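Working through the structure, step by step
Each chain, written out:
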Amino acid sequence: MELCFATNNAHKLEEVAAALGNAFPLRTLREIGCADELPETTGTIPGNSHQKARYVFDHFDVACFADDTGLEVDALNGEPGVDSAYYAGEPRDNERNKALLLKNLDGEPNRRAQFRSVFTLVYRTDSGEVVEQQFEGIVAGTILTAPRGEGGFGYDPLFMPDGYTQTFGELPLSEKNKISHRARALEGLVAYLRGV
Ligand code: IMP
């Protein structure tokens, strides 16, 4: 099955293409002719993941999947969560998001956090039935008091996964891809696709 990955994020595309290997050829939004801003208005990570996949399926009639991800910080009652991309407001700015996170955790001893990723797959079976499936992946860790590393994207330089002494910004992409929230959610997706 040819699949569109409904994202405009080149980092995610690279991560997911590496995880899928050659088994499932990926089409990008550009390749299917979609230049639209995908809607993300449900207020939850699973809801936004579903909304994006369903938008592409409904408007472009292609088998597709979308992800939505958030960083959930225990001491901030799960924030920034679904608002991770716009934590410091519009326009979307990773540097300001990271600075705000550090400010909100200033002096806070509890640095526990997790990345949560939900993938939603939408496709039509040979008999015409529309199928929707969701896959979740979580990686737990801690938020440092200052960024470390230039790799990855988003909050990566602030996040040290449990069992590691390097942040996601310091670990090679190949290592991050073995343990990340997206990798874990993708494992579920790939296992499912193999069975379709
Ligand atoms: P979205 O899934 O593209 O909506 O991502 C939401 C926010 O979480 C963005 O600000 C990203 O920077 C951040 N984010 C998503 N995935 C990762 C990741 O793997 N590492 C660090 N930040 C991430």
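Residues numbered from 1 in each chain as written. Predicted model: local features only at pLDDT ≥ 70, side-chain atom pairs only at ≥ 80, totals over all residues. Heavy atoms only, no water.

Labelled according to an unreviewed UniProt entry, the chain appears under the name dITP/XTP pyrophosphatase, originating from Fibrella forsythiae. Recorded under Sequence similarities (unreviewed entry), the UniProt text for the chain is reproduced unchanged: "Belongs to the HAM1 NTPase family." The record in UniProt for the chain states the following under Subunit (unreviewed entry): "Homodimer." (UniProt positions renumbered as here; feature names shortened; annotations may be inferred.)

To continue, consider the side chain of histidine 181. Mapped onto the elements, histidine 181 comes out in helix α5 (residues 181–195). A residue is classified by how much of its surface remains accessible, and histidine 181, at 2% relative accessible area, is buried. If we ignore the near neighbours within four places in the chain, the residues touching histidine 181 are Thr69, Phe115, Arg116, Ser117, Gly137, Ile138, Val139 and Phe168. (Helix = DSSP H or I, 4+ residues; strand = E, 2+ residues; numbered from the N terminus. Buried < 20%, exposed > 50% of the residue type's maximum accessible area, 1.4 Å probe, protein only. Contact = heavy atoms within 4.5 Å.)

Here the focus is the pattern of salt bridges. As enumerated under the stated definition, the model contains 16 salt bridges in all. Between arginine 54 and glutamate 132 there is a salt bridge whose closest N-O contact spans 2.8 Å. Here the residue arginine 54 occupies a position in helix α2 (residues 45–60), and glutamate 132 occupies one in strand β6 (residues 130–143), the gap between them amounting to 78 residues. You can call arginine 54 partly exposed: its relative accessible area is 25%. On the basis of relative accessible area, glutamate 132 is assigned to the partly exposed category, the value being 36%. When salt bridges with common partners are traced through the structure, they connect Lys12, Asp67 and Arg182 into a single cluster. (Salt bridge = Lys/Arg side-chain N within 4 Å of Asp/Glu carboxyl O.)

As a matter of local geometry, the ligand sits amid 16 residues, with Lys12, Thr69, Asp156, Lys176 and Arg182 nearest to it. Aspartate 68 has a polar side-chain atom sitting 3.4 Å from an oxygen atom of the ligand. When the ligand sits alone it has 480 Å² of accessible area, and the protein chains cover 96% of it. Contributions of two or more residues to the shell around the ligand are made by β3 (64–73) and α5. Looking at the shell around the ligand residue by residue, the class counts come to four nonpolar, five polar and seven charged. (Near = heavy atom within 4 Å. Polar contact = N/O pair within 3.5 Å; in protein donor to acceptor, adjacent residues only side chain to side chain. Areas by Shrake-Rupley, 256 points an atom, 1.4 Å probe, with all protein chains shown as cover. Nonpolar A, V, L, I, M, F, W, Y, C, P; charged D, E, K, R; others polar.)

With 15 residues, α5 should cover 21 Å at 1.5 Å per step; its first-to-last C-alpha distance of 22 Å lies within 8% of that length. All buried positions along α5 are accounted for by His181, Arg182, Ala183, Ala185, Leu186, Leu189, Val190 and Leu193. Taken around the axis of α5, the buried residues stretch over an arc of 165°, which confines them to a single face. Across from the buried face of α5, at angles greater than 90 degrees, the exposed residues are Glu187, Ala191, Arg194 and Gly195. (Expected span 1.5 Å × (residues − 1). Arc of directions from axis to C-beta.)

Turning to the UniProt feature "binding site: Mg(2+)" (unreviewed entry) in the chain, a few remarks are in order. The sites that UniProt annotates as "binding site: Mg(2+)" (unreviewed entry) are Asp68. Topologically, aspartate 68 is positioned in strand β3. Note on aspartate 68: relative accessible area 5%, which makes it buried. Contact partners of aspartate 68, with chain neighbours within four places excluded, come to Glu40, Thr44, Ile45, Asn48, Ser49, Lys52, Val82, Arg116, Ser117 and Val118. At 2.9 Å, the side chain of aspartate 68 and the side chain of lysine 52 are in polar contact.

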